[in-house]
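So the chains spell out like this:
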Amino acid sequence: MIQGKKKYMGGVFLAVMMIITGSILFRGQSMGLLWESLKRVQIPFLFGGLLLMLGYVGCEAMCTRQIMKRLGHRVPYRRCLGYSFVGFYVSSITPSATGGQPAQIYCMSRDRIPVAHGTLNMMLIAACYQTATLIWGGGIWLLFPGTGEFQGSMGLLLGYGAGVMVLLTLGMGLVMFLPGVSRRICAGILRFAERLHLLRNPAATEERLERQLTEYAGGAACIKANPGLALQVLFLCLVQLGMLFSVPWTVYLAFGLHGYGWIQIAGLQALLTLAVSNLPLPGAVGPAEGGFVAAFTAVFGAATVTPAMLVSRGISFYAFLLISFLVSMAVHLRHRERGTGRCCGKTDLKTREISGLLHDKM
């Protein structure tokens with residue numbers, strides 16, 4: 001979990017970003033008209049959005065359960081849900097989309113799941129999640145190539161987000177399946193950084209890099225030994241993102257609007273997520289809200305888009321930030337009161353081979 005000052009700094013930074021974002025978005029807005037718009041929201045559709053977000057977290061938990069089952073750990077689904085909520089909370093208050101992964105690995109280790117297996121789990125989920133994001137974004141771009149809402153600065157932001165996502169996915173595939181090539185590339189980068197005196201401790205950096213490459217090699221071994229597992233996790237990630245992208249659709253229905261179909265609204269949210277997901281900001285606060293207003297004005301109308309943004313982000317981020325905090329506290333108290341649990345289960349031959357590869361090389 002986040003320790004000491006970093007935990008509070010993340011929360012303070014998030015609060016500051018929220019204040020700045022609110023002051024920009026609500027400048028010149030009539031609070032009376034905003035409240036009138038919010039009063040006509042149909043509450044049942046909002047519960048539908050919350051259920052979609054529960055499904056979003058639940059899909060990741062299902063991914064973890066399936067991977068852990070292949071690694072020989074019979075982890076209850078409710079415990080996997082706890083890991084996913086912890087990951088959502090920590091990644092939301094840190095300036096990194098993957099900031100929650102170390103926290104999840106830590107929670108797994110407290111439940112007697114080896115760190116190597118926890119790392120492998122998060123690695124496979126991250127690779128499939130990134131691939132699923134590109135599939136969603138690329139598919140929507142092909143279906144609606146003339147999306148006018150992503151022109152100008154929004155188009156540049158989308159290009160940046162898609163470019164970073166492609167590089168991350170290709171880089172992850174490179175280190176997993178071409179370890180020799182990736183070692184040579186990384187060694188060259190380290191030597192260059194050392195010449196520029198950018199590394200305080202080159203030996204320690206090289207050791208950490210080697211450990212990371214070994215973990216990725218374990219991920220490749222797991223995929224090769226269990227090809228169906230990667231496809232299953234990828235499918236769950238596609239469903240997971242579909243639920244996330246459908247939240248604005250429930251908000252659209254909640255305001256009693258019609259004229260746009262689900263695929264158009266979910267598609268806009270898919271492109272928006274692709275554009276802002278790799279920005280170094282906690283929860284992409286600021287660009288996510290501003291991007292929503294820019295992308296969805298044509299859908300909701302100029303008078304309704306700001307309250308729609310409040311409701312949509314309230315469901316998909318702020319409400320779930322609070323829920324995730326409460327669940328994370330419960331997970332922390334469980335570890336504190338009961339100590340470390342014990343995850344039981346037999347390990348099959350393929351799992352022992354993967355585990356041996358991980359432990360022999362680490």
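Everything that follows concerns the structure shown earlier in this document.
Rules and cut-offs
Residues numbered from 1 in each chain as written. Predicted model: local features only at pLDDT ≥ 70, side-chain atom pairs only at ≥ 80, totals over all residues. Heavy atoms only, no water. Helix = DSSP H or I, 4+ residues; strand = E, 2+ residues; numbered from the N terminus. Buried < 20%, exposed > 50% of the residue type's maximum accessible area, 1.4 Å probe, protein only. Salt bridge = Lys/Arg side-chain N within 4 Å of Asp/Glu carboxyl O. Core = buried A, V, L, I, M, F, W, Y, C linked by side-chain atoms within 4.5 Å. Contact = heavy atoms within 4.5 Å.

Draft legend 1. Layout of the environment of E36. When you line up the elements, E36 lands in helix α2 (residues 31-39). Separated by 271 residues in the primary sequence, E36 and P307 place their C-alpha atoms 9.6 Å from one another.

Draft legend 2. Geometry of unusual backbone geometry. Positive phi outside glycine occurs at R112, with the angle close to 65°. Among the structural elements, R112 can be located in the loop between α5 (100-110) and α6 (115-143). According to the relative accessible area criterion, R112 is partly exposed, its value standing at 42%.

Draft legend 3. Highlighting the pattern of salt bridges. The final tally for this structure, using the stated rule, is two salt bridges. In this structure, R334 and D111 form a salt bridge, with 3.2 Å as the shortest nitrogen-oxygen distance. In this pair, R334 sits in helix α14 (residues 305-338) while D111 sits in the loop between α5 and α6, placing the two residues 223 residues apart along the sequence. Note on accessibility: R334 and D111 belong to one class, buried. For R313, the salt bridge goes to E289, with nearest N and O atoms at 2.9 Å. Of the two residues, R313 sits in helix α14 while E289 sits in helix α13 (residues 287-300), which places them 24 residues apart along the sequence.

Draft legend 4. View of the nonpolar core. Ranked by size, the top nonpolar core spans 78 residues in total, and within it M53, V233, V276, F292, F296 and F300 carry the most contacts. With near-sequence residues (within four places) excluded, F300 lies in contact with P248, V251, Y252, L257, F292, V305 and A308. If you look at the next biggest cluster of nonpolar residues, it comprises nine residues, including M176, L213, Y216 and A220.

Geometric values such as these leave the question of function open.
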